[in-house]
Amino acid sequence: MAKVTVDGIEVEVPNGSSVLQACEAAGKEIPRFCYHDRLSIAGNCRMCLVEIEKAPPKPISSCTYPVADGMVVHTDSPMVRNGRRGVMEFLLINHPLDCPICDQGGECDLQDQAMGYGMDHSRYAENKRAVKDKNLGPLVKTVMTRCIHCTRCIRFIAEVAGVPDLGATSRGEHMEVGTYVEKALGSELSGNIIDLCPVGALTSKPYAFVARPWELTKIDSIDVLDAVGTNIRVDARGPEVLRILPRTNEDVNEEWLADKSRFALDGLRRRRLDRPWVRRDGKLIEASWSEAFAAIAEKLHGLTGDRIGAIAGDLCDAESMLALKELMASLGSANLDCRQDGAHLNASRRDFYTFNTTIAGIEEADAILLIGTNPRREAPVLNARIRKRWLNGNIPIGLIGTETDVTYRVQQLGHGPVVLNALNEAFAGKLRNAKKPMIIVGQAALARPDGAAVLAAAWRLAASVGALTAEWHGFNVLHTAAARVGALDLGFVPGANDKSMAQMLDGGVDVLWLLGADEFDTARIGDRTFVVYQGHHGDAGAARADVILPGAAYTEKPGTYVNTEGRVQRGLLAVYPPGDAREDWKILRAFSEVIGHTLPYDTIDALRKRLELVNPVFARIGFLPRFGATDQAGPAGDPVALSDTPFVPAIADYYQTDPVSRASPTMAACTATFATTPLVAAAE
Amino acid sequence: MGESAQTNPVPMRDSFQPSTFAFDAESEGAIPGILAKYPAGRQASAVLPMLYLVQNQMRRQTGSAWVPIAGMDEVARRLDMAPIRVYEVATFYFMFNLKPIGTYHLQVCTTTPCWLRGSDEVVAACRAATGIEGWGETSGDGVFTMTEVECLGACVNAPIIQVNDDFYEDLDGDSTKQLLEALRRGEPPKPGSVKGRQTSAPEGGPTTLTTLQFES
C-alpha cells in the first residue's frame, strides 16, 4: 500500500494504482474523457491533469501516473486549473457548437466539463475541421465531427467485445475514428460504445432525436431477452419506453448491455395484444374480459385435471408462473411445463440447472469446457466475462459444438455429445490439472433426445476432473430463457405421473394455457385442443389461440426473475400495459375468482410471500451466495446413449429470439445487415 | 424508428481498388527474412516492412507504387492481425501511398532550410514541367505525382527532391527542369548532387585539410 496525500487528505491505495484512482479514493473528482476503469489506459485526452509535488514541475495526467509512497497531489491548484482550461480550449477548437441539436445534450461529459473548465468565448477564428460520418450499421449513429479522439470506443470494441473493427486512421488533424473500410460493427455489444462515448459522436440510431434525458422517467428493471439478468434502467416518457440502458452490477453485467436487450424496445410498441379476443366460428373476435373469461370457464366446465395443461414461456415473471401453477392445481392439474425447447433439464436439485460458478466466478476459473453452447449468441454479456478471463491469460478453453468465433481462442474438441465419452486426452488433462475448472452446458446440448444423457455425462465429467468441491462448483448450465430458472425453482415442471410438454401437444389435453409461450411449433398442438394464450405480443401462440388474454411485457409490470446463475432479481413497472392489457398475475387472480377457485392473494406482496413459501430462494433478492458442490451424486442418467449427431446451435439468429425482438424493426434491420456475415451463416 | 435504421451499409471501395492481392514469388522470398527479425508471437512488428513489400510489388507489377486495401488485408492475414490495425499503420505514415501514383513520385522538401535555399523555384519548375497544380496530384500523363514533404534530412544539400527512393540534391529551377525531362525520357540520372559534388563535401573540392596526403 502507498500513502498518498490528495489536497491534504491522506489515503492509502494499493501499489500500482494510478494517481487518478488515489484522487478518487480521497473523494476528489477528476475530469476525464479517455480514462475508463474497465478499459486499458490511453492517456490521450489530457483532461485529468493534476500537480504532484517533487515530480516534474508540470501538470501530469493522473490516469497514467503511478502512485508512490508519500506522494503529495494537488487537484485544484492554479497550475491544474490552467492546464485543464487549456486542454478544454484545445478540445473545443474543433468540436462543433451544436449542443441544441445533439442527442448527447444533457448527459454529455464534454458539456458538463466545459461548465467547469471552458471559456465563455472562443479565441479560434479559423474554420473548424469537419469529418465525414461513418455508417456503423443499424444501431450506432455517428456524427464524427463531434469526436474528440478519446478512443474509448476503439478500446471497448477491441478489448471487451473482442471484435477489432474500429481504429484511428490517419494522424494529427486528419485522424479519424472508424472502420476505414465501411462495415457494420459485428459485435453483439456494440451499443455500449454509445454509453462510453463522452461526447455526441456515437449515439443511438433508433433513438435519434426522440427525447431529451430530462424528460424521461428512469425506472430500474431487469432485462429478460436473455438469461443473464442484466440490470437495466428503463427510460420512459408517458406511456412509451424510449430507451433502455444498463445499470452497473459488478456480479452480473458489470456495466454492459447486449444489443438485443438495448435496441429491441421498439418491438414493445408493435404487434401488441391490447384487448381480449375470443375465437368464434374460426375467427378471432374482439371481446371483453368477462366474455373471454366466460369462454374459458365454459370450456373448463366438466373437464378433469388431466385434460388441462399449461406451458410457461421464456419471458414470464415468477409471480405469474406461480399464480398459473396454483390455478392449475385448483383445477386438479399438474400438467405444467416451462421447457418449450424440450431441454432435458433436471429440476430435482438446484445445482443441476443453474450456472453455479456464477458470472463473477468465471474470472477465477482456470480451465473452461463449453458443451453445446455459443455464449456469444446466447449470453453476450456473460461471454464478455469469459473473454475478460481469457485476456488475463493462461486458460485453456475447449468447445464441443458448432465452430464459431466466440471472440477468444477455443480448442475445438468435437461437434456432438459422443465426444464426451472419449474427451481429447490432452484437454482432459488440462481440466484435471486445473484448480478451478468450469464446465458450461448450453441449451443446444440439452434440447435433444439424448439431452438427459448429455447432462449426466457433463456432470460426471465435472466430478471426475475435480470441478465439484466444497469450495468450487464448476458445473454450469447456461440458459437462454429469462424465465427458465425461476420456473424450475417454482416447480413448473410435470411430476412423474403428469404430462410433459410433448404429451400435452398432439391432443394430450383439451385445454392448454399458454403463458407467453411462443417458442415452439404451435402446429403440434392438437386440433381439438382449446388454447388460451395469455401474453403481450401477437406472435405464434396468439395466432393459434381460441382465447387471447392480453398481458404485460416486462417493462409494464413489477416482476421477479431468476437469472441463469439462480440470482433472484426484481424489476419495477416503468409504463402501464397498453389498452385493456393487465399484469399477468392479476389476470390469473381475476379468472380464478370467475371459476370459483379464488387464489389466496390480493396484492403482489401477498403473492411474493407465497413465492417465498414455495421456494425460500425467492426471499434472497439480488444477492447470490457462492456455493460449493455439497453432493457429488449427479442427475439421473438416461438410457439413451450419447449420440454422435452434432449439436445444433440454440440460437439461429441472435436478433430474432422472442416475441419482442421479432416485432422490432431495429432487430429486423440487424438481421438484414448481419445475415450475410459468416458468423451468423455458420450458426444457422 | 428512423428510416436510416433500415439502410444497410454498403462497402465503400473506390473503383481503383483491386479486389484481391497476392504476394508474388519475389515478395514471398523476402517474407521469411522479415519475419525472422522478430520474436515468435511478435510478428505484428513486421507490419511496416510487409507494407513496403506490398508497395514495391505494386511498383513492379503496375508501375505505380501504392498499397491497396486488399494488400493491407493480406498483410493482416499473414501477421495474424486485425485488418484495422494494419489500416491504422498504413494511414499513419505518409510514405505509404493509399491510391495509385505516377511512375515518378516527386517528394519535394519545402521545410525551412530547403525553402531558404530556393525550394520555391524547384516547386515552380516541377509545376511548369508536369502541369500539376496542387499537392498530392498526378500529372495527366500519369508519369509524375507531386507531394510536399517535411525535412528529408539532407539540408546540407538543400534544396532536394526525393524521386521514388532516390535523392536529387543541390537543385535549382533549371536543374530541376533538366531532371524532370530526363525522367520523362525514362533515363533517370545518377542520384545525389546534381552539381556533382561528393556527398556533402564543399563544392569544387576540399577547402580544409588540403595538405593532408593519404597513401592509397
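The structure this text deals with has already been given above.
Residues numbered from 1 in each chain as written. Chains lettered and ligands numbered in written order. Predicted model: local features only at pLDDT ≥ 70, side-chain atom pairs only at ≥ 80, totals over all residues. Heavy atoms only, no water.

Visitor: Sorry, what's going on with the packing of helix α8 (residues 318-330) of chain A against helix α18 (residues 604-614) of chain A here?
Guide: Angle between the axes and distance between the axes are the two parameters that describe a pair of packed helices. Residue and element names in this part refer to chain A. Two elements in contact, α8 and α18, have axes separated by 10 Å at closest approach and are oriented at 75°. In terms of their interaxial angle, α8 and α18 are classed as roughly perpendicular. Residues Ala 318, Glu 319, Leu 322 and Glu 326 of α8 form the contact with α18, whose own contacting residues are Ile 604, Leu 607, Arg 608, Arg 610, Leu 611 and Val 614. Here the residues of the contact of α8 with α18 sort into six nonpolar, no polar and four charged. (Axes fitted to C-alpha atoms, helices over the stretch in contact; angles between N-to-C directions. Helix = DSSP H or I, 4+ residues; strand = E, 2+ residues; numbered from the N terminus. Parallel < 35°, antiparallel > 145°, perpendicular 65-115°, else oblique. Contact = heavy atoms within 4.5 Å. Nonpolar A, V, L, I, M, F, W, Y, C, P; charged D, E, K, R; others polar.)

Visitor: So what exactly am I meant to see when it comes to the packing of aromatic side chains here?
Guide: Any two aromatic rings considered together are summarised by their centre-to-centre distance and by the angle between their planes. Residue and element names in this part refer to chain A. Scanning the entire structure with this criterion turns up 14 aromatic pairs over all chains. When the ring of Trp 289 is compared with that of Phe 293, the centres are 5.6 Å apart and the planes differ by 55°; the resulting orientation is tilted. Note that Trp 289 and Phe 293 are positioned in helix α7 (residues 289-300) at a spacing of four residues, about one turn of the helix. The class of Phe 293 is buried, set by a relative accessible area of 7%. (Phe/Tyr/Trp six-rings, centres within 6.5 Å; stacked < 30°, edge-to-face > 60°. Buried < 20%, exposed > 50% of the residue type's maximum accessible area, 1.4 Å probe, protein only.)

Visitor: What is the right way to read the sheet that holds strand β1 (residues 2-6) of chain A from this model?
Guide: Strands pair in a sheet through their backbones, by hydrogen bonds, and they do so in one of two ways: parallel or antiparallel. Residues and elements named next belong to chain A. With respect to topology, five strands assemble into an open sheet ordered β2-β1-β5-β3-β4, the strand pairing being mixed. The outermost strands of the open sheet, each flanked by one partner alone, are β2 (9-13) and β4 (60-61). Sheet topology note: the β1/β2 ladder contains five bridges and is antiparallel. Directly across from Thr 5, in β2, lies its bridge partner Glu 10. Contacts from helix α2 (residues 78-94) reach β3 (49-52) and β5 (71-74), with the element oriented near 155° to β3. (Pairing = 2+ DSSP bridges.)

Visitor: Any chance you could explain the pairing of β5 of chain A here in plain terms?
Guide: Consecutive residues of a regular strand have side chains that alternate between opposite faces of the sheet. Residue and element names in this part refer to chain A. The alternating pattern of β5 places Met 71 and Val 73 on a buried face and Val 72 and His 74 on a face that is not buried. Pairing between β3 and β5: two bridges, direction antiparallel. Bridging from a neighbouring strand, Ile 52 pairs with Val 73 of β5.

Visitor: I keep staring at a negative patch on the surface and nothing clicks. Help me out?
Guide: Side chains of Asp 120, Glu 121, Asp 172 and Asp 174 of chain B sit close together on the surface and give a patch of like negative charge. Inspection of the secondary structure assignment puts Asp 120 of chain B in helix α6 (residues 119-130). (Patch = residues over 30% accessible without salt bridge, like charges linked within 9 Å, V, L, I, M, F, W, Y side chains within 5 Å. Areas by Shrake-Rupley, 256 points an atom, 1.4 Å probe, with all protein chains shown as cover. Salt bridge = Lys/Arg side-chain N within 4 Å of Asp/Glu carboxyl O. Lys, Arg positive; Asp, Glu negative; His and termini not counted. Charge placed at Lys NZ, Arg CZ, Asp CG, Glu CD.)

Visitor: Can you help me understand the nonpolar core in this one?
Guide: For soluble globular proteins, the rule of thumb is that nonpolar side chains tend to be buried together. If you look at the biggest cluster of nonpolar residues, it comprises 90 residues, and the most contacted ones within it are Phe 33, Phe 156, Ile 193, Ile 368, Leu 382 and Ile 386 of chain A. Looking at which element gives the most residues to this core, the answer is helix α4 (residues 152-160) of chain A, with five residues. (Core = buried A, V, L, I, M, F, W, Y, C linked by side-chain atoms within 4.5 Å.)

Visitor: When you look at the sheet that holds strand β15 (residues 308-312) of chain A in this model, what are you seeing that I'm missing?
Guide: Residues and elements named next belong to chain A. Strand order across the open sheet formed by seven strands is β14-β13-β24-β23-β22-β15-β16, with mixed pairing between neighbours. The open sheet has two free edges, formed respectively by β14 (283-286) and β16 (336-337), since each of these has just one partner strand. Strand direction decides the pairing type here: β15 and strand β22 (residues 511-515), joined by five bridges, are parallel. Directly across from Gly 309, in β22, lies its bridge partner Leu 512. Lying on the sheet, α7 is in contact with β13 (277-280), β14, β15, β22, β23 (530-535) and β24 (547-550); it crosses β24 at an angle near 135°. Sitting on the sheet, α8 is in contact with β15, β16 and β22, with an inclination near 165° to β22.

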